[in-house]
2 protein chains.
Amino acid sequence: MTQDGRLIRGERTRSAVLEQALVLATVSGLDGLSLSQVADALGVSKSGLFAHWRSKEALQLAVIDQARAQWRDRVIRPALEVPAGVRRLWAVHDRRIAFYEARVLPGGCFFANAHFEFNARPGVIRDRLAGELTDWMTFLTGLAGEAAGLGELRPGVDPAGLAYHVESLGVCAVMQAPVVGAAPTYAQARRQLLEHLRAVTIDPTILEQK
Amino acid sequence: MTQDGRLIRGERTRSAVLEQALVLATVSGLDGLSLSQVADALGVSKSGLFAHWRSKEALQLAVIDQARAQWRDRVIRPALEVPAGVRRLWAVHDRRIAFYEARVLPGGCFFANAHFEFNARPGVIRDRLAGELTDWMTFLTGLAGEAAGLGELRPGVDPAGLAYHVESLGVCAVMQAPVVGAAPTYAQARRQLLEHLRAVTIDPTILEQK
DNA sequence: CTACAATCCGACCGACCGTTCGTAAATATA
DNA sequence: TATATTTACGAACGGTCGGTCGGATTGTAG
């Protein structure tokens, strides 16, 4: 520790940087993220960052991991406490919305931001983000498949389609919520639609039996 | 015209710049857009751009207008040729997907990219983008309301919710399509879901009567 | 205490950014 | 044709960027 006590060495610095970088990345973008910005926000020198990551890109990849870890702890893990089946699938959706509405990250959804940012820019980062999305959809589809296996879906409801549906609602909610004027209207429409679709996809008589 | 014949003066330069800037903005982002990049792509000097727009921000705002004009001509106008009602609402969705799949803009959807880019960055541009989204949702909600007025929706289907739903499908399709590995899977899931939801929201017996 | 590796800093680099300026060419006006 | 205005250019400016380097500071092992 330095004389003024502000700085923390080693591993703790590393995690503090990642935490701060994730926050800033949701605002400025993952690529628009400035190393000086990160360093200044922590009272650390910019050149010191290169002792932990050999380039900006390496830090960016680490930030993606950080975002995934946060997502796991704050969204997925709590949702998995809900019993398997369609309840768990919708719990994931609910947790996702709650996480966003809690404004944990000031710039909204890191993954959505980063994905749109690197849409058309081939490279390691884009591939990693694509992998994240694939993993996420595999996870959602798995949950929907579980629900189908338990016979909790109305006949004719396709599990993959349902998973895609949950994802589309989530993405759209994340996109529109920051729009100040539009937020209340769309939040209302979203809830109405959500109720409707839950009724459409879930067989309530089956759920009541349990 | 200059001696080497490359350059075009006045209004034609202006529109050429906007066209090129829109293309580049979908790739590099609206803020990541570089004036040197635009100028070089057209064989024009960077400083010459300031004869048409007094700052980068002014050009960015003009690019938003350009994007809106393109969207109007390529998506909205053709869809409005379809008879009013639920058919027209879904025609808008279909045209939107078709426009995206035609890869007119290499970086995907300009508005989605720009919206996520400026999510958390207050200012004139963010406000303009928010206004665009509000206008768009008003437009969609109006179409859904028309369909409801014509009695084409199944009982219990909320028009605002339906409009939100069409939007969420569009946003999610635009987001996932560029992900190479995932695209076919999600395109398939999207079509299945789309068919299902059309069946859910539209009363086919009513449509058949016309 | 000594030695060594990890960590951190300030100074500095070249590249690129948006912007300005003086000037020249093209166009509009008379 | 003569004049005024718009449009375009090259050069240069201050500023920020990611990244490098030598040296100082720290924690740890011997």
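Here, every reference points to the structure presented above.
Residues numbered from 1 in each chain as written. Chains lettered and ligands numbered in written order. Predicted model: local features only at pLDDT ≥ 70, side-chain atom pairs only at ≥ 80, totals over all residues. Heavy atoms only, no water.

Right, let's talk about the environment of F50 of chain A for a bit. Residue and element names in this part refer to chain A. By secondary structure assignment, the location of F50 is in the loop between helix 2 (35-42) and helix 3 (56-79). Judged by its relative accessible area of 44%, F50 falls in the partly exposed class. As a C-alpha pair, F50 and L35 span 15 residues in sequence and 9.9 Å in three-dimensional space. Leave out the neighbours within four places in its chain, and F50 touches L35 and S55. (Helix = DSSP H or I, 4+ residues; strand = E, 2+ residues; numbered from the N terminus. Buried < 20%, exposed > 50% of the residue type's maximum accessible area, 1.4 Å probe, protein only. Contact = heavy atoms within 4.5 Å.)

Another aspect to go through is the pattern of salt bridges. Inspection of every chain in the model, using the stated rule, returns 16 salt bridges over all chains. One salt bridge in this structure joins R96 of chain A and E167 of chain A, with 3.0 Å as the shortest N-O distance. You can see R96 of chain A sitting in helix 4 (residues 86-101) and its partner E167 of chain A sitting in helix 7 (residues 159-176), a full 71 residues away along the chain. For E132 of chain B, the salt bridge is made with R68 of chain B, and the minimal N-O distance between the two is 3.1 Å. Residue E132 of chain B is found in helix 6 (residues 124-149), and its partner R68 of chain B is found in helix 3 (residues 56-79); the two are separated by 64 residues along the sequence. Here E132 of chain B falls in the buried class, since its relative accessible area comes to 11%. R68 of chain B sits in the partly exposed class, given a relative accessible area of 36%. (Salt bridge = Lys/Arg side-chain N within 4 Å of Asp/Glu carboxyl O.)

Right, let's get into unusual backbone geometry. Residues and elements named next belong to chain A. Here R103, not a glycine, exhibits a phi torsion of approximately 55°, which is positive. On the secondary structure map, R103 appears in the loop between helix 4 and helix 5 (110-118). The exposure class of R103 is partly exposed, given its relative accessible area of 48%.

Before going further, it helps to spend a moment on the environment of Q20 of chain B. All names here are of chain B. In this fold, Q20 is placed in helix 1 (residues 11-28). C-alpha of Q20 to C-alpha of V38: the two residues are 18 residues apart in sequence and 6.7 Å apart in space. Not counting residues up to four positions away in its chain, the partners in contact with Q20 are V38, A41 and L42.

Further remarks concern the nonpolar core. In terms of nonpolar packing, the biggest core is built from 120 residues, with L30, V63 and F110 of chain A together with L30, V63 and F110 of chain B touching the most fellow members. What F110 of chain A contacts, discounting residues up to four positions off in sequence, is L22, A25, T26, L30, V63, I64, A67 and L105 of chain A. (Core = buried A, V, L, I, M, F, W, Y, C linked by side-chain atoms within 4.5 Å.)

The subject of this paragraph is empty space enclosed by the protein. If a probe the size of a water molecule is rolled over the atoms, the empty space left behind becomes visible. Counted by the stated rule, this structure contains 7 cavities of 30 Å³ or more. Looking at the largest cavity, its volume works out to about 110 Å³. Forming the walls of the largest cavity are 14 residues, and the residues nearest its centre are W71, F99, L105, C109 and F110 of chain B. When contributions to the lining of the largest cavity are tallied by element, the ones reaching two or more residues are helix 3, helix 4 (86-101) and helix 5 (110-118) of chain B. Partitioned by chemical class, the residues of the lining of the largest cavity number 10 nonpolar, 2 polar and 2 charged. When its volume is computed, the second largest cavity comes out at roughly 80 Å³. Residue lining of the second largest cavity: W71, R96, F99, Y100, R103, V104, L105, G108, C109 and V174 of chain A, and that is the complete set. Among the elements that make up the lining of the second largest cavity, the one with the highest residue count is helix 4 of chain A (3 residues). (1 Å grid on protein atoms, 1.4 Å probe; cavity = no way out; pocket = protein on both sides within 12 Å on 5 of 7 lines; lining within 4 Å. Points joined across faces, edges and corners; volume = space filled by probe spheres on them. Nonpolar A, V, L, I, M, F, W, Y, C, P; charged D, E, K, R; others polar.)

In short, geometric facts, not functional conclusions.
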